[in-house]
Amino acid sequence: MSIFKKKETLIQNITYMAVMAAINVVFVLMTTFVPVLMFLIIFVLPLTSTIVTLFCKKRYFPIYAFSTVGLCMLVTFWNISDTLFYVIPSIISGFLFGIMIIYKIHSLWVIFASSIIQLMFTYLMMPITKFLTGIDIVNVFSSAFGVNNFIYLSYLIPSFIFFLSLVQSSFSYIVIKEELPKFNYQFKDHSLYLWSSYIALLLSSICVLVFAFFNGPIAFLFMMILTYFAIFIITNSIANGNKVVWICLPIVGFIGVLVYASLYKLVASPINYLLISIIFILLALVGFIFDIYKFEKKKREKIKSE
């Protein structure tokens, strides 16, 4: 059975989904006995759901979802917290990841949107998991990383979950990237998504500033979102820029570090760590100025040719 091949018949679909469900069950069972392996299922579970969405008929996906959840609960009936916290959010985010790929949404937004969805459903499952099993997932993770007594732990929880979700989605995209031409997954207007990243960067910057005054954890989450879009812009600038851009980026980055260092002691902890955003904003600003220059240059050339 070819892994990356469309399944047409009912038997092919059911067999393929059964294999993927079995993979999920095995990983969840392994994690139950060896908790350190939880980082494996963080990567595997969304990926299997994405693959099923892409290569099986969508009308059969509920069968896969319910059978996976049911089997995972059955084989780990003494500890269903992993199923509630990992499996259910991963199935939902993996399915929506695959749907967005099918509808040819740019990878920038596929990864971001599926990460936000994973974050939302993970947060939804946290109180449910605690109510049904008595297990506090936050304590589990803080114990695993040895930060139980970290005074600012509550500030980092949303951004940490978002970071894990971002890694999950990025991993899924990397694995299936070579198969995307089968779905005619290409973009004629890359600039549309580039400009949308500038808008997202601006909005997330405003949210960091606003929430810094009354909700620190959400402010740190928006700083992570800001960083995500800034890295996309900076990477694009490096890939498509010229020598001027390549020289400006490290210089502006160094200026950003100096600004951060000079303001750090003027702001109370832990909000002062939000000032790291300044570095990413300044670096992204280099890319914005360069793109404006390219846009105006093309506009002038078009006028001359006409």
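So, how was this worked out
Residues numbered from 1 in each chain as written. Predicted model: local features only at pLDDT ≥ 70, side-chain atom pairs only at ≥ 80, totals over all residues. Heavy atoms only, no water. Salt bridge = Lys/Arg side-chain N within 4 Å of Asp/Glu carboxyl O. Helix = DSSP H or I, 4+ residues; strand = E, 2+ residues; numbered from the N terminus. Phe/Tyr/Trp six-rings, centres within 6.5 Å; stacked < 30°, edge-to-face > 60°. Buried < 20%, exposed > 50% of the residue type's maximum accessible area, 1.4 Å probe, protein only. Core = buried A, V, L, I, M, F, W, Y, C linked by side-chain atoms within 4.5 Å. Expected span 1.5 Å × (residues − 1). Arc of directions from axis to C-beta. Patch = residues over 30% accessible without salt bridge, like charges linked within 9 Å, V, L, I, M, F, W, Y side chains within 5 Å. Areas by Shrake-Rupley, 256 points an atom, 1.4 Å probe, with all protein chains shown as cover. Disulfide = S-S within 2.5 Å. Axes fitted to C-alpha atoms, helices over the stretch in contact; angles between N-to-C directions. Parallel < 35°, antiparallel > 145°, perpendicular 65-115°, else oblique. Left-handed = near helix turned anticlockwise from the far one by under 90°. Contact = heavy atoms within 4.5 Å. Nonpolar A, V, L, I, M, F, W, Y, C, P; charged D, E, K, R; others polar.

As for the pattern of salt bridges
Per the counting criterion, the structure on display carries one salt bridge. For the salt bridge of Asp 291 with Lys 294, the shortest nitrogen-to-oxygen distance reads 3.7 Å. With Asp 291 and Lys 294 both in helix α11 (residues 277–305) and three residues apart, the pair spans about one turn of that helix.

Considering the packing of aromatic side chains
Taken as a whole, this structure holds 17 aromatic pairs when the rule is applied. With 5.9 Å between their ring centres and 20° between their planes, Phe 112 and Tyr 228 make a pair best called stacked. One end of the pair, Phe 112, is in helix α5 (residues 107–133); the other, Tyr 228, is in helix α9 (residues 216–240), with 116 residues separating them in the sequence. We note that Phe 112, like Tyr 228, is buried. Put simply, the rings of Trp 109, Phe 112, Phe 162, Tyr 228 and Phe 229 pair up and form one aromatic cluster.

Some thoughts on the nonpolar core
Core analysis: the biggest nonpolar cluster contains 64 residues, and Phe 229 and Leu 274 have the highest contact counts within it. Judged by nonpolar contacts, the second largest core, of 10 residues, contains Ile 234, Tyr 260, Leu 275 and Ile 279.

Overview of helix α3 (residues 61–75)
Each turn of an α-helix holds 3.6 residues, which means side chains three or four residues apart point in the same direction. Compared with an ideal rise of 1.5 Å per residue, which puts 15 residues at 21 Å, α3 spans 21 Å between its outermost C-alpha atoms and is within 8% of the ideal. Among all positions in α3, only Phe 61, Tyr 64, Ala 65, Thr 68, Val 69 and Cys 72 are buried. For α3, the arc enclosing every buried residue in end-on projection is 120°, short of the 170-degree limit, so these residues lie on one face. Turned more than 90 degrees off the buried face of α3, the exposed positions are Phe 66 and Leu 74.

Some details on unusual backbone geometry
That bond from Ser 269 to Pro 270 is cis: its omega, 0°, falls within 30 degrees of zero. On the secondary structure map, Pro 270 appears in the loop between α10 (243–264) and α11.

So, a nonpolar patch on the surface
A contiguous nonpolar patch, built from Ile 199, Leu 202, Leu 203, Ile 206, Leu 209, Val 210, Phe 213 and Phe 214 and spanning about 880 Å² of accessible area, is present on the exposed surface. Following the sequence through the fold, Leu 202 ends up in helix α8 (residues 190–211). With a relative accessible area of 52%, Leu 202 lands in the exposed category.

Notes on the side chain of Ser 165
Looking at where Ser 165 falls in the secondary structure, it is placed in helix α7 (residues 153–176). A relative accessible area of 2% places Ser 165 in the buried class.

So, helix α4 (residues 81–102)
Here α4 is 22 residues long and its end C-alpha atoms lie 32 Å apart, about the 32 Å a rise of 1.5 Å per residue gives. Counting buried positions over the 22 residues of α4 gives 16, a clear majority of the element. Phi turns positive, to about 60°, at Lys 104, one or two residues after α4.

A short note on the state of the cysteines
For the structure on display, the rule yields zero disulfides. With no disulfide of its own, Cys 56 has Cys 72 as its nearest cysteine by sulfur position, at a separation of 17 Å. Of the residues examined, Cys 72 reaches a relative accessible area of 0% and is grouped as buried.

A word on the environment of Val 69
Along the chain, the position of Val 69 falls in helix α3. Take Val 69: its relative accessible area is 19%, and that puts it in the buried class.

Some details on the packing of helix α1 (residues 10–33) against α3
Where α1 contacts α3, the two axes come as close as 9 Å, and the packing angle between them is 30°. Taken together, the axes of α1 and α3 lie roughly parallel to each other. The chirality of how α1 crosses α3 is right-handed. Where α1 abuts α3, its residues Ile 14, Met 17, Met 20, Ala 21, Asn 24, Val 25, Val 28 and Leu 29 lie against Phe 61, Ile 63, Tyr 64, Ser 67, Thr 68, Leu 71, Cys 72 and Val 75. For the contact of α1 with α3, the residue count by class is 13 nonpolar, three polar and no charged.

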